[in-house]
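Examining the three-dimensional arrangement
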Amino acid sequence: MNAATEKLLVSSAPITAIDQRYSGLAESSCCLSCGGAADRALAQPGEIAVDIGSGRGQDVIRLAESVGPNGRVYGLDASQGMLDKARRTAEKLGVANVEFRRCELERLDLPDATADLVISNCTLNHATDKDAAWNEIYRIIKPGGRFVVSDIYALTEVPAEYRTNPEAVAECWAGAIERGPYLETLNRCGFADIQILEESAPYKKGAINVASFTVAAKKPGVCCCCG
Ligand SMILES: C[S@@+](CC[C@H](N)C(=O)[O-])C[C@H]1O[C@@H](n2cnc3c(N)ncnc32)[C@H](O)[C@@H]1O
């Protein structure tokens with residue numbers, strides 16, 4: 001994708017705040033993750049994997065090693081600074097089976113049924129429209145494929161004045177929803193075998209209490225014996 005197209009995809013106030021915050025963090029070494037999605041995903045040789053909100057690209061590069069030369073890993077992110085950093089690192093390390101694309105969570109820049117595996121770490125909480133973001137994940141996973149996602153959920157509903165504050169959303173807490181509605185969203189979007197692989201104790205973030213978890217599920221496969 002060329003630079004002009006990359007620019008076109010970034011239009012809204014929340015995305016501008018996200019781009020500013022995360023592009024500013026691209027060269028820092030602060031931890032932006034909230035769980036072990038990449039490790040728990042157990043990516044296999046030959047698989048097509050996608051990391052949504054790939055940040056500096058470290059998980060994409062690790063998955064690239066697991067899927068090997070016959071596999072491929074896409075890193076998707078809205079922040080230009082993060083994408084630039086990730087591409088530079090991949091190039092420096094000579095990792096060839098990766099590609100980074102700029103897009104928003106609600107409009108993933110990949111065709112239907114691309115991925116055997118989707119991972120994401122501490123990103124889905126930023127989505128303005130959670131159903132749209134998870135429907136996009138469902139769309140890009142192959143039938144029978146899976147996701148493993150680490151994310152933050154809110155212990156109590158985020159007060160309305162923060163929910164629409166782009167900076168607070170960009171800080172990974174004001175966009176968070178509660179655990180029950182989170183799992184209901186996955187169910188509503190069609191995922192099966194939903195499992196919690198790890199979960200933290202509650203902790204304070206911004207103006208609320210949150211917790212982190214790593215959740216996995218499958219997109220049902222094509223049924224060959226239902227007739
Ligand atoms: C907390 S960081 C996590 C980065 C990486 N996954 C990690 O674990 O280090 C969130 C990432 O998601 C990206 N992001 C946030 N909101 C987004 C959105 N609405 N669309 C696309 N990317 C988004 C940010 O640019 C940032 O790189």
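Okay, so let's go over this structure. None of the values given here were measured: they were computed from a predicted structure.

The rules we used
- Residues numbered from 1 in each chain as written.
- Predicted model: local features only at pLDDT ≥ 70, side-chain atom pairs only at ≥ 80, totals over all residues.
- Helix = DSSP H or I, 4+ residues; strand = E, 2+ residues; numbered from the N terminus.
- Rg over C-alpha atoms; globule rule 2.2 N^0.38 Å.
- Contact = placed C-beta atoms within 7 Å.
- Near = placed C-beta within 6 Å.
- Nonpolar A, V, L, I, M, F, W, Y, C, P; charged D, E, K, R; others polar.
- Core = buried A, V, L, I, M, F, W, Y, C linked by C-beta atoms within 7 Å.
- Buried ≥ 20, exposed ≤ 12 C-beta atoms within 10 Å, placed from the backbone.
- Pairing = 2+ DSSP bridges.
- Right-handed = clockwise from strand over helix to strand, strands pointing away.
- Axes fitted to C-alpha atoms, helices over the stretch in contact; angles between N-to-C directions.
- Parallel < 35°, antiparallel > 145°, perpendicular 65-115°, else oblique.
- Left-handed = near helix turned anticlockwise from the far one by under 90°.

When you go through the chain residue by residue, the secondary structure sums to nine helices and eight strands. Computed over the C-alpha atoms, the radius of gyration of the chain is 17 Å, within 12% of the 17 Å expected from 2.2 N^0.38 for a compact globule of 227 residues. Referenced to the eigenvectors of the C-alpha coordinate spread, the extents of the chain come out at roughly 45 × 45 × 30 Å. Put simply, 75% of the contacts in the chain that link residues at least 6 apart link residues at least 24 apart.

Taken together, 20 residues lie around the ligand, and G53, G55, A78, S79 and H126 are the ones closest in. When residues of the shell around the ligand are assigned to their parent elements, the largest contribution, three residues, is made by helix α2 (residues 13-25). Grouping the amino acids of the shell around the ligand by side-chain chemistry returns 10 nonpolar, eight polar and two charged.

The next subject is the nonpolar core. Ranked by size, the top nonpolar core spans 60 residues in total, and within it A49, V118 and I119 carry the most contacts. For this core, the element with the most residues is strand β5 (residues 141-154), which contributes seven residues. Not counting residues within four places of it along the chain, the set of residues in contact with I119 comprises A37, A38, A41, A49, D51, D59, F147, V148 and V149.

Let us now look at the pairing of strand β1 (residues 48-52). Of all five residues that make up β1, five are buried, and the element is covered over most of its length. By the alternation rule, side chains of β1 split into I48, V50 and I52 and A49 and D51, which are all buried. Relative to strand β2 (residues 72-77), β1 runs parallel, the two sharing five bridges. Looking across to β2, one finds that I52 is bridged to L76. As a crossover connection, the stretch from β1 through helix α4 (residues 58-67) into β2 is right-handed. The pairing of β1 with strand β4 (residues 115-121) spans four bridges and is parallel. If you follow A49 over to β4, its bridge partner there is L117.

Bringing the environment of A170 into the picture now. Summarising the element assignment, A170 is placed in helix α8 (residues 166-170). In this structure A170 comes out as buried when scored by C-beta crowding, with 21 C-beta atoms within 10 Å. Along the backbone, A170 and H126 are 44 residues apart, and their C-alpha atoms lie at a distance of 6.5 Å. Aside from chain neighbours lying at most four places away, what touches A170 is A17, I18, R21 and H126.

Looking now at the packing of helix α6 (residues 130-140) against helix α9 (residues 179-188). Relative to each other, α6 and α9 sit at 45 degrees, their axes nearing to 9 Å. If you check the angle between α6 and α9, you find them oblique. Crossing handedness for the pair α6 and α9: right-handed. Residues K130, D131 and W134 of α6 lie in contact with α9, whose contacting residues are T185, L186 and R188. Considered class by class, the residues forming the contact of α6 with α9 number two nonpolar, one polar and three charged.

As a further point, take the packing of α2 against helix α5 (residues 80-93). One can describe the packing of α2 onto α5 by two numbers: an axis separation of 6 Å at closest approach and a directional angle of 35 degrees. Within the contact between the two elements, α2 uses D19, Y22, S23 and G24 and α5 uses Q80, G81 and M82. Here the residues of the contact of α2 with α5 sort into two nonpolar, four polar and one charged.

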